[in-house]
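# Close look at the chain arrangement
As a plain string of letters, each chain reads:
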Amino acid sequence: MKSVGAVKPVGALGALGAVGAMGAVDAVGGLGAVGGLDAVGAHGVERAPLRHAALRERLDCRFEGVDAVFDDCIDEARRRLSPAGFEAYLDQARALGKLGRGVEPLLVFLEVWPLVAQAAGEATLPALAALIQAFQKSPNGPAIVALLQSLAAVARRLRSPALMARYFAIARGLMERTSVSIHGRHATEPSPCLPTFLAQAPTLVAMVPLEGLQHWTTEGIRLHGGHPQRQIDFFALAGADSRALLQRERRGTLLVDAERRLGLTLRGLWGESAALIPCPVHAEEAAPIRPWAEADGWRLPEVLEDRPAPNGPVPALMRYRAMLGHLAAHRRWSRPLVADNLSPLQRLAVECFEDCRVDSLMLRRHPGLRAPLLALHPAPAEDACDESREAGLRHRLVCLSRALLDPGHAYRDPLLLDAAAAFRRCVEGDESSTEEMAALALDWAARGRRQSDQLARMRFDDTWVDWRDDNRQLWAFIEAGDEEDAFDEARAPAAAAGDAPLPPHLYPEWDEATRLHRPDWVSVYDHLQSSGSAAAVDALLERHAAIARRLERLLDRLKPQDRVRLRHQEQGSELDLDLALRSVCDWRAGAQPDPRVQMSTRSDARDFAVLLLLDLSASVNDPVPGSADTVLGISRAAVALLAWAIERLGDPFAIAGFHSNTRHEVRYLHIKGFSERWDEGPKARLAAVEGACSTRMGAALRHAGHLLGGRRADKRLLLVLTDGEPADIDVDDPRHLIADAAQAVHELGAQGLACHCISLDAKADAYVGRIFGRRWSVVDDVAQLPRRLPELFLALTR
């Protein structure tokens, strides 16, 4: 059984009482502490008589395990419960003893109910009794123990009878809707997910309000009601859909909701561009998540709440901005140090001084951050730590950090004041350096080391600086180890102003599980494809000259004639002499003449805009069976022939490619623009394309549709050339990205953009129709693509 909370044991409960107060029953099972006492009793060791023997008789049960803890539980209950509440407590305990579920429900209730009543109120008991009775009357009786075990932790969060009653209603609704009925009337099998839900309940109520918990459980039942194992995974938060749905119901500001604003802040204030990747925050009681930076993005907590402060709460968005500023300041001003020869104390001291240095430089650059940073920084009293009982190193470091940032501090420790003065002398004139901070830190550590720093019990209260990172980028390790990563890779040189990357386009992604969009979920970056040799593309065209000659005959028939005569018009721009003479002959012959003797003309020019989107994932580098060429090589030849054909027709067209590396980096590669001619520049870029990474198709379709939608044309066609189904490394279920791509095609169709897919995957029938409806073609023989691709295009635009 799993412990769900931590409460200091009271009175004579001792070790067993501590376990009971924690709401756990490990010590109550067959081999636990109570089992041990029972065994001693069975071997003839005489127990002390019960002090509350009369009350024990009221339980009317003969479980020996109850005798071992009964007196301590009664003493605890009398301290915490009113007289009426105490009587109700005994009555409910008697009812649990007669359920026929063994000793465990009774023991857990005796131990946890006083804590629950103190946290949420004694009025909670009737609703709890009703829920227990409902469990007992169904096949879910074994879940009573799980309900009681988690009850204390849930009550400490909800803290009112009304909220507890609503929580019980959610649990009962889950039980009723997921219990299995074989005969269609009464439940015959227990709910597979109810014990998992009850075990997770303390975490869930700490993360979301009860209304959000209700929505989440309803969605879980709707999505996985017919699959027991998926129910268990959903309510255990083991599935991506479960966590995504729960995140929607959470309090505070979600990183995904603020990502665009934070990205603009990072770029505008610091000139940095980085993917912001959320890290899960599992519960409010868990240790806070420290941000950190890696090559593929900066990790930040997925959700933050406003932080209370003496002069008003600090908004969650400001907390995110402080974290970003601190990370950006480290990247700009910090340099890694060798950590192998430093002790943990010395490393902590160096990190404290360096954090304060980069924060001081950040405040010098952006002084408006001073007020929120000081409001977020702890200011513990100098004598708050009793170093005779606990190690005060972290306490002294946070006092030092406060003094280094806040000139108005109230600390009087001589060593702290000397360190603060030396620090200000270093940073007043210039930026100082990481090495200079290390020298100050080592001096402070040598002078301030105390014997109490060796104590096993460390003081952590009021020592957490909200916005600071874990400083992994500050250290380099010469000797390889299991526990360290080296972060001493050379930084890429800063891009020139003209080559600075463009900010990403943020697009939603369709979540089939919730039937909703995930807003601003995917970041699409525009890149101009680098150039290669245009001669390579000309050589491909020469190789396929026979196909080009056959296409030329087709193109001649499709070429617009500009003006077409419309005859047999009653009203037109000029007289049709042939029809006029025929009408005169009919009139003279006594027949009724045809009055439609005029004609007009109209333009017959094609009005198409075409965008060809290439899947450039890593799979296009695979060789084609039976050929020495790769999928990319044959696709390049086909695209070159198609571009030549469209250029001959005079239709405006563009060519682009895409690949993805998680939702934070979808690269959209521009090969040819609408306003460019098919000449050396686009040919050179086509020659240089390479396959890499994955295929997040939905985001690429939305971005291509955004560009194509800006063209003025009667018909706008988006051609997609791909060799496989949508996939990405951060998505386990491929159906998710297939559904997202299908939704993107549907959205583009609503905008008047026609999407057609040419797939090179022989197994495409299983999914391509789900995405593109009836607008798709499969080229089973990849070697035939140079011929088939232009022919398909001409057929689509005939």
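Refer to the structure presented above.
Throughout what follows, the structure given in this document is the object of discussion. This structure is a prediction, so every number in the text was calculated from the model and none was measured. (Residues numbered from 1 in each chain as written. Predicted model: local features only at pLDDT ≥ 70, side-chain atom pairs only at ≥ 80, totals over all residues. Heavy atoms only, no water.)

### Comments concerning the overall build of the chain
Condition: Helical segments are the DSSP runs of H or I of at least four residues, strand segments are the runs of E of at least two, and each set is numbered from the N terminus. Exposed residues in this analysis have more than 50% of their type's maximum accessible area, buried residues have under 20%, and partly exposed residues fall in between, with area computed by a 1.4 Å probe over protein chains only. Two residues qualify as a contact provided that any one of their heavy atoms is within 4.5 Å of a heavy atom in the partner residue. Only the protein chains shown count as covering a residue, and every accessible area follows the Shrake-Rupley method with a 1.4 Å probe.
Broken down by element type, the chain carries 30 helices and 18 strands. Here the chain holds 798 residues, and 50% of them are scored as buried. The long-range fraction of contacts in the chain, counting pairs at least 24 apart against all pairs at least 6 apart in sequence, stands at 70%. Per element, the accessible surface of the chain, about 37,600 Å² overall, is 52% carbon and sulfur.

### Comments concerning the side chain of H756
What counts, and what does not: What qualifies as a polar contact is a pair of N or O atoms within 3.5 Å, subject to a donor-acceptor requirement within protein and to the restriction that residues adjacent in sequence count only when both atoms come from side chains.
Within the secondary structure layout, H756 lies in strand β17 (residues 753-759). Here S777 takes part through its side chain, which lies 3.0 Å from a polar atom of the side chain of H756. In contact with H756, other than residues within four places in its own chain, are L717, L718, L719, V720, R775, W776, S777 and L796.

### Digging into the packing of aromatic side chains
Applicable threshold: The aromatic pairing rule takes the rings of Phe, Tyr and Trp, using the six-membered ring of Trp, and pairs them if the centres are within 6.5 Å, calling planes under 30 degrees apart stacked, those over 60 edge-to-face and the rest tilted. Here, a charge over a ring is recorded when the distance from Lys NZ or Arg CZ to the ring centre is within 6 Å and its angle to the ring normal is within 35 degrees.
Applying the stated criterion across every chain, the model contains nine aromatic pairs. Ring centres 6.1 Å apart and planes at 90° place the aromatic pair F197 and F235 in the edge-to-face group. Linking F197 in helix α11 (residues 194-207) with F235 in helix α13 (residues 228-235), this pair joins segments that are 38 residues apart in sequence. Feature note: the residues F86, Y89, F109 and W113 constitute an aromatic cluster, connected by ring pairs. In this structure, R290 is placed above the aromatic ring of W464, and the distance from its NZ or CZ to the ring centre is 4.2 Å. The lysine or arginine in question, R663, covers the ring of W521, its NZ or CZ lying 3.8 Å from the ring centre.

### Comments concerning empty space enclosed by the protein
The test is simple: Here a cavity means grid points, on a 1 Å grid over the protein atoms only, where a 1.4 Å probe fits yet cannot get out; a pocket means an open set of points with protein on both sides within 12 Å along at least five of seven lines; lining residues are those with an atom within 4 Å of a point. Grid points are joined across faces, edges and corners, and a volume is the space filled by probe spheres set on the points. Under this grouping Gly is polar, as are all residues other than the nonpolar Ala, Val, Leu, Ile, Met, Phe, Trp, Tyr, Cys and Pro and the charged Asp, Glu, Lys and Arg.
Scanning all chains against the criterion turns up three cavities of 30 Å³ or more. Considering the residues around the largest cavity, the lining is formed by 15 residues, among which L614, D615, L616, S635 and L721 are closest to the centre. Broken down by element, the residue count for the lining of the largest cavity peaks at five residues, all from helix α25 (residues 631-649). Within the lining of the largest cavity, the residues separate by chemical class into 10 nonpolar, two polar and three charged.

### Notes on the sheet that holds strand β8 (residues 505-511)
To keep it simple, the criterion reads: Pairing between strands requires that DSSP locate at least two bridges from one strand to the other. Axis angles are defined between N-to-C directions and span 0 to 180 degrees, where every axis is a line fitted to C-alpha atoms and, for a helix, only to the segment in contact.
In spatial order, the strands read β8-β9-β15-β14-β13-β16-β17-β18; together these eight strands make up an open sheet with mixed pairing. Each edge of the sheet is formed by a strand with only one pairing partner; in this case those strands are β8 and β18 (776-778). Taken over all neighbouring pairs, the strand axes of this sheet differ in orientation by 25° on average, direction set aside. Each of β8, β9 (516-528), β16 (715-722) and β17 touches helix α28 (residues 734-750); the most contacted strand, β8, lies at about 115° to it.

### Things to note about unusual backbone geometry
One non-glycine residue, T662, lies in the positive phi region at around 70°. Looking at where T662 falls in the secondary structure, it is placed in the loop between β14 (653-660) and β15 (666-672). T662 sits in the buried class, given a relative accessible area of 17%. At C693, a residue that is not glycine, the phi angle is positive and equals roughly 60°. In this structure, C693 sits in the loop between α26 (680-688) and α27 (697-708).

### Notes on the nonpolar core
Keep this limit in mind: Put simply, buried Ala, Val, Leu, Ile, Met, Phe, Trp, Tyr and Cys residues joined by side-chain atoms within 4.5 Å make one nonpolar core.
Of all hydrophobic cores here, the largest spans 68 residues; its most connected members are Y89, L128, Y167, F197, L198 and W216. Of all the elements, helix α6 (residues 104-120) adds the most residues to this core, at 11 residues. Beyond its immediate sequence surroundings of up to four residues, W216 is in contact with F197, L204, F234, F235, L237, S242, L245 and L246. In terms of nonpolar packing, the next biggest core, distinct from the first, is built from 66 residues, A293, L404, L416 and F477 among them.

### With respect to the environment of A445
Summarising the element assignment, A445 is placed in helix α21 (residues 434-448). Placed 95 residues apart in sequence, A445 and V350 show a C-alpha to C-alpha distance of 9.0 Å. Once residues within four sequence positions are removed from consideration, A445 is found in contact with L345, Q346 and A349.

### Some words on the side chain of S660
Counting through the fold element by element, S660 comes out in strand β14. Here S660 falls in the buried class, since its relative accessible area comes to 0%. For S660, the side chain forms a polar contact with the main-chain nitrogen of R696, separated by 3.1 Å. A polar contact of 3.0 Å, which involves the side chain of S660, links it to the side chain of D728. Not counting residues up to four positions away in its chain, the partners in contact with S660 are E665, V666, C693, S694, T695, R696, A727 and D728.

### Regarding the packing of helix α4 (residues 64-80) against helix α5 (residues 83-97)
Stated formally: Take the far helix as the reference: if the near one is turned anticlockwise from it by less than a right angle, the crossing is left-handed, and if turned clockwise, right-handed.
Interaxial distance between α4 and α5 falls to 9 Å at its minimum, and their mutual angle equals 145°. For the element pair α4 and α5, the recorded crossing hand is right-handed. The residues of α5 that touch α4, namely those facing C73, I74, A77 and R78, are F86, Y89 and L90. Here the contact of α4 with α5 is built from residues that sort into six nonpolar, no polar and one charged.

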